[in-house]
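Observations on the model geometry
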Amino acid sequence: MVTRYLICIFILFHTNGISAKSNEYSRHDVTYYQSGKPTSMPDFNLWQRELITINIDIYSSEEFSYLKFDSPTRKDYLFDFKVMTPPAIDNIKGYKKQLRIYIWPLLAGKQALELPNISLMLSGRSVKSIKLPMLTLNVAALADYLPPGFPVGKILHNSSYQSNSLIPFILEPENLSSYILETISIGIHPSLIPNYSTYLKAPNITRLVSSKETYIKNYDIEYTYHHTQFIPIVIKTSGIHSFNNFKVQYFEPKSDKIMSPAYSAALILTLNMFFQIVLIILVCIVFYKTIRRLLRIKRNISLRRSIWKSIYRATTPRDLSLIIRQLEVGGNLLNYSVNCNTNVSVNQWAMAWKDKNLTNEINLLVQLIYTETPSVDFITVKNKVINQLEKLDNIIYHAFIAQPGS
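Residues numbered from 1 in each chain as written. Predicted model: local features only at pLDDT ≥ 70, side-chain atom pairs only at ≥ 80, totals over all residues. Heavy atoms only, no water.

Brief notes about the overall build of the chain
Assigned secondary structure in the chain consists of 7 helices and 22 strands. Counting every position in the chain, which comprises 406 residues, the buried fraction comes to 40%. Within the chain, counting contacts between residues at least 6 apart in sequence, those at least 24 apart form 70% of the total. Split by element, the accessible area of the chain, about 23500 Å² in all, is 57% carbon and sulfur. (Helix = DSSP H or I, 4+ residues; strand = E, 2+ residues; numbered from the N terminus. Buried < 20%, exposed > 50% of the residue type's maximum accessible area, 1.4 Å probe, protein only. Contact = heavy atoms within 4.5 Å. Areas by Shrake-Rupley, 256 points an atom, 1.4 Å probe, with all protein chains shown as cover.)

Encoded structure:
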């Protein structure tokens, strides 16, 4: 009886263990990339030191399961990997675990590469071991004239500088500042990227030995790597300085070409304290004059628009005659004086515009003022005068003004 009871307990626990183990793992997807471009098979035709990326998505029913992978150690390859943290997905489909493996073959020739197994772990034990297919590599050799370790991928540079001077980004002579050189590489292992700060040379710039550096790996498909160097510098004299230009050389596998873009260092403006104060004063003066001019333009626009509103709302020929003369002939945004034409007759004002059509319309307006039985009505003459003035005057003055009856 006791034996039968023990057998039942063993079967119960053993069955639960098998059931839990089978439920913890559902499936996995493997995708391959060569220099960031997807490929359908683990067979590669590539160049020496060209990047291979393997992305593995594993789906598990256990939220707290995790991946374990031991990077291989082989002298003829460079490796890097990253266990990613993808966003949460619908737990009906399972919890997604992600691993990215980066491979750079160093030697040319046909090769077969077997990678270690990937373990799905839960509570310190392996619940699933995933074996990747063997990689078949046909690695082409780079040209013999290229030096060993020549970068294969893409390299970009950015530069700037900073200081504690009175004006940011303007350095002071004989004061310690920092030159910031950012190297951005795509698809290149960090150990294959040259130290480009050694190319920074200039006769009037003294470099110090110590240098702060930061490293950021994005671990995207193309393996983007940011290397930022903070280089202490001292400028000897005032003026505009820069480091000498140099070429950045790399082999781009997508085009199968050697690229050598020229790097131009950022210009460094150096001024002593006196000239920095003078520069600040000059900037303040320019800023003040600019603000005054803008306010003057705003005032002139508002003033002329108010006259246009009065023109639209004129109800008698005499009122229209008085108002339109307030429009300065050829008035611009900067120079405008109100009531400058009130001492001239409306005919003289019209002739100053040098427009025959406007002069004819004004003659009709004069006829309305001084003739007891005019041949035209006021509304018709007013509309003709306004239409002709709108053609002659700046549209910014009369646009979007609400007119009576609109």
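A look at helix H5 (residues 356-370)
The terminal C-alpha atoms of H5, which comprises 15 residues, lie 21 Å apart, in line with the 21 Å expected from a rise of 1.5 Å per residue. Inspection of H5 places Leu358, Glu361, Ile362, Leu365, Val366, Leu368 and Ile369 among the buried residues, and these make up the whole buried set. The buried residues of H5 occupy one face: seen down the axis, they fall within an arc of 155°. Residues of H5 that are exposed and point more than 90 degrees away from the buried face comprise Lys356 and Tyr370. Structurally, H5 contributes buried residues whose contacts are with helix H3 (317-324), helix H4 (346-352) and helix H6 (378-392). Two or three places before asparagine 357, at the start of H5, stands the capping residue aspartate 355, its side-chain oxygen 3.4 Å from that residue's backbone nitrogen. (Expected span 1.5 Å × (residues − 1). Arc of directions from axis to C-beta. Polar contact = N/O pair within 3.5 Å; in protein donor to acceptor, adjacent residues only side chain to side chain.)

Observations concerning the layout of surface pockets
Taking a probe equal in size to a water molecule and rolling it over the atoms shows the remaining empty space. Its volume calculated, the second largest pocket comes out at about 150 Å³. Considering the residues around the second largest pocket, the lining is formed by Pro147, Pro148, Gly149, Phe150, Pro151, Pro194, Tyr196, Tyr199, Lys247 and Gln249. Here the lining of the second largest pocket is composed, by residue class, of 7 nonpolar, 2 polar and 1 charged. (1 Å grid on protein atoms, 1.4 Å probe; cavity = no way out; pocket = protein on both sides within 12 Å on 5 of 7 lines; lining within 4 Å. Points joined across faces, edges and corners; volume = space filled by probe spheres on them. Nonpolar A, V, L, I, M, F, W, Y, C, P; charged D, E, K, R; others polar.)

Here we look at the sheet that holds strand E9 (residues 118-122)
In space, the 3 strands of this open sheet follow the order E5-E9-E10, with antiparallel pairing throughout. Two strands in the sheet have a free side with no partner beyond their single neighbour: strand E5 (66-68) and strand E10 (125-130). Within the sheet, the average angular offset between the axes of one strand and its neighbour, ignoring direction, is 35°. Taken together, the 5 bridges between E9 and E10 define a ladder with antiparallel strand orientation. In the strand pairing of E10, methionine 121 is matched with serine 126. (Pairing = 2+ DSSP bridges. Axes fitted to C-alpha atoms, helices over the stretch in contact; angles between N-to-C directions.)

Brief notes about the nonpolar core
Generally speaking, nonpolar side chains in soluble globular proteins are found buried as a group. Formed by 31 residues in total, the largest nonpolar core has its most connected members in Tyr179, Leu200, Ile233, Phe243, Tyr263 and Ile268. Looking at this core, the elements that each hand over two or more residues are strand E6 (77-84), strand E7 (95-105), strand E12 (154-162), strand E13 (176-186) and strand E16 (224-235). Per-element tally for this core: the top contributor is E16, with 4 residues. The next biggest cluster of nonpolar side chains, apart from the first, holds 28 residues, and it includes Ile311, Val366, Leu368 and Tyr397. (Core = buried A, V, L, I, M, F, W, Y, C linked by side-chain atoms within 4.5 Å.)

Description of the packing of aromatic side chains
Within this structure, the stated rule accounts for 17 aromatic pairs. Ring centres of tyrosine 196 and phenylalanine 246 lie 6.2 Å apart, and the angle between their planes is 15°; on these two criteria the pair is classed as stacked. Highlighted residues: tyrosine 196 in the loop between E13 and strand E14 (205-207) and phenylalanine 246 in strand E18 (residues 246-247), separated in sequence by 50 residues. Plain terms: the ring middles of tyrosine 199 and phenylalanine 246 are 5.2 Å apart, the flat faces sit at 25° to each other, and that makes the pair stacked. Of this pair, tyrosine 199 sits in the loop between E13 and E14 while phenylalanine 246 sits in strand E18, and the two are 47 residues apart along the sequence. (Phe/Tyr/Trp six-rings, centres within 6.5 Å; stacked < 30°, edge-to-face > 60°.)

Section: unusual backbone geometry
A negative phi holds for most residues other than glycine; trans holds for most peptide bonds. Within the chain, serine 35 stands out as a residue other than glycine whose phi angle is a positive 55°. Note on placement: serine 35 falls in the loop between strand E1 (25-34) and strand E2 (37-39).

Focus: the confidence of the model for the chain
The pLDDT averaged across the chain works out to 84; a share of 89% of its residues lies at or above 70. Per-element mean pLDDT across the chain ranges from 45 in helix H1 (residues 2-24) up to 95 in strand E19 (residues 250-252). Contacts from residues 8-22, a stretch scored under 50 in pLDDT, to residues over four places away or in other chains number 1 contact. (pLDDT = per-residue confidence, 0-100.)

Focus: the environment of lysine 82
Counting through the fold element by element, lysine 82 comes out in strand E6. With a relative accessible area of 35%, lysine 82 lands in the partly exposed category. Taking the C-alpha atoms as reference points, lysine 82 and asparagine 55, separated by 27 residues in sequence, lie 9.9 Å from one another. Contact partners of lysine 82, with chain neighbours within four places excluded, come to Gln98, Leu99, Arg100 and Tyr219.

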